[in-house]
Amino acid sequence: MADLKKLAEEIVGLTLLEAQELKTILKDEYGIEPAAGGAVMVAGPAAGGAADAAEEKTEFDVVLTDAGANKINVIKEVRGITGLGLKEAKDLVEAGGKVKEGVSKADAEEMKKKLEAAGAKVELK
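Predicted model only: the values in this text are computed from it and were never measured.

About the cut-offs
Residues numbered from 1 in each chain as written. Predicted model: local features only at pLDDT ≥ 70, side-chain atom pairs only at ≥ 80, totals over all residues. Heavy atoms only, no water. 1 Å grid on protein atoms, 1.4 Å probe; cavity = no way out; pocket = protein on both sides within 12 Å on 5 of 7 lines; lining within 4 Å. Points joined across faces, edges and corners; volume = space filled by probe spheres on them. Helix = DSSP H or I, 4+ residues; strand = E, 2+ residues; numbered from the N terminus. Nonpolar A, V, L, I, M, F, W, Y, C, P; charged D, E, K, R; others polar. Core = buried A, V, L, I, M, F, W, Y, C linked by side-chain atoms within 4.5 Å. Buried < 20%, exposed > 50% of the residue type's maximum accessible area, 1.4 Å probe, protein only. Contact = heavy atoms within 4.5 Å. Lys, Arg positive; Asp, Glu negative; His and termini not counted. Salt bridge = Lys/Arg side-chain N within 4 Å of Asp/Glu carboxyl O. Pairing = 2+ DSSP bridges. Axes fitted to C-alpha atoms, helices over the stretch in contact; angles between N-to-C directions.

**Describing empty space enclosed by the protein**
Part 1 of the reasoning: For the structure on display, the rule yields one cavity of 30 Å³ or more.
Part 2 of the reasoning: Volume-wise, the largest cavity comes out at about 40 Å³.
Part 3 of the reasoning: Around the largest cavity sit Leu 16, Leu 17, Gln 20, Thr 82, Val 99, Lys 100 and Glu 101, which together line it.
Part 4 of the reasoning: When residues of the lining of the largest cavity are traced back to their parent elements, those giving at least two are α2 (16-30) and β2 (97-103).
Part 5 of the reasoning: Counted by class, the lining of the largest cavity contains three nonpolar, two polar and two charged residues.

Right, here's the structure in full:
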């Protein structure tokens, strides 16, 4: 029982990127696919402290701050970037938040450009 609780805590603590990787592993190696609407959106750990700010940042989070007037195009871009299903992408666009975590500056800027072209407001953190 304690092992299951520990496993549940580890799953809940996954970042969006780690959850996506877990989904891929379960699908490719074990043939397990989550049920439609079964994906769990989890918030990543709190941002690093002042020590991280002193170093030059090499990993960025792409954060959707506003979907804008044309949500459909933004949802399409979010699906393309994250691989999420339609419902999960729609929920993310409506709630706002991290689209991708821990990506390189070049990748983050490319994602930002695509999302802004679709009408969204995006920040890199």
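Right, picking up where we left off after that structure.
**Section: the nonpolar core**
Part 1 of the reasoning: Counting residues in hydrophobic clusters, the biggest one holds 20 residues, and the most contacted among them are Val 62, Leu 64, Val 74, Val 78, Val 93, Val 99 and Leu 115.
Part 2 of the reasoning: Among residues more than four places away in sequence, those in contact with Val 93 are Leu 64, Ala 67, Lys 71, Val 74, Ile 75 and Val 78.

**A few points about the side chain of Lys 100**
Part 1 of the reasoning: Mapped onto the elements of the fold, Lys 100 is located in strand β2.
Part 2 of the reasoning: Comment: no salt bridge for buried Lys 100; closest opposite-charge side chain is Glu 21, at 7.7 Å.

**A few points about the pattern of salt bridges**
Part 1 of the reasoning: Counted under the stated rule, the structure contains eight salt bridges.
Part 2 of the reasoning: A salt bridge links Glu 9 to Lys 5; the shortest N-O distance between them is 3.7 Å. Residue Glu 9 and its partner Lys 5 are both found in helix α1 (residues 2-12); the two are separated by four residues, about one turn of the helix.
Part 3 of the reasoning: For Lys 5, a relative accessible area of 55% translates into the label exposed.
Part 4 of the reasoning: Notably, a salt bridge pairs Glu 101 with Lys 98, separated by 3.4 Å at the nearest N-O pair.
Part 5 of the reasoning: Taking the relative accessible area as the measure of exposure, Lys 98 reaches 29% and is therefore partly exposed.
Part 6 of the reasoning: Shared partners join several salt bridges into a network, and the residues in it are Asp 61, Lys 98 and Glu 101.

**Examining the sheet that holds strand β1 (residues 60-66)**
By way of backbone hydrogen bonds, the strands of a sheet pair with one another, either parallel or antiparallel.
Part 1 of the reasoning: Reading across from one edge, β2-β1-β3 is the order of the three strands in this open sheet, with antiparallel pairing throughout. Looking at the sheet topology across the chains shown, the edges are occupied by β2 and β3 (121-124). Taking each pair of neighbouring strands and ignoring which way they run, the sheet shows an average axis angle of 20 degrees.
Part 2 of the reasoning: Here four bridges tie β1 to β3, and the two strands are oriented antiparallel to one another. Bridge pairing in β3 places Val 62 opposite Leu 124.
Part 3 of the reasoning: Lying on the sheet, helix α5 (residues 86-95) is in contact with β1 and β2; it crosses β2 at an angle near 100 degrees.

Remember, this is a structural readout, not a statement about activity or role.
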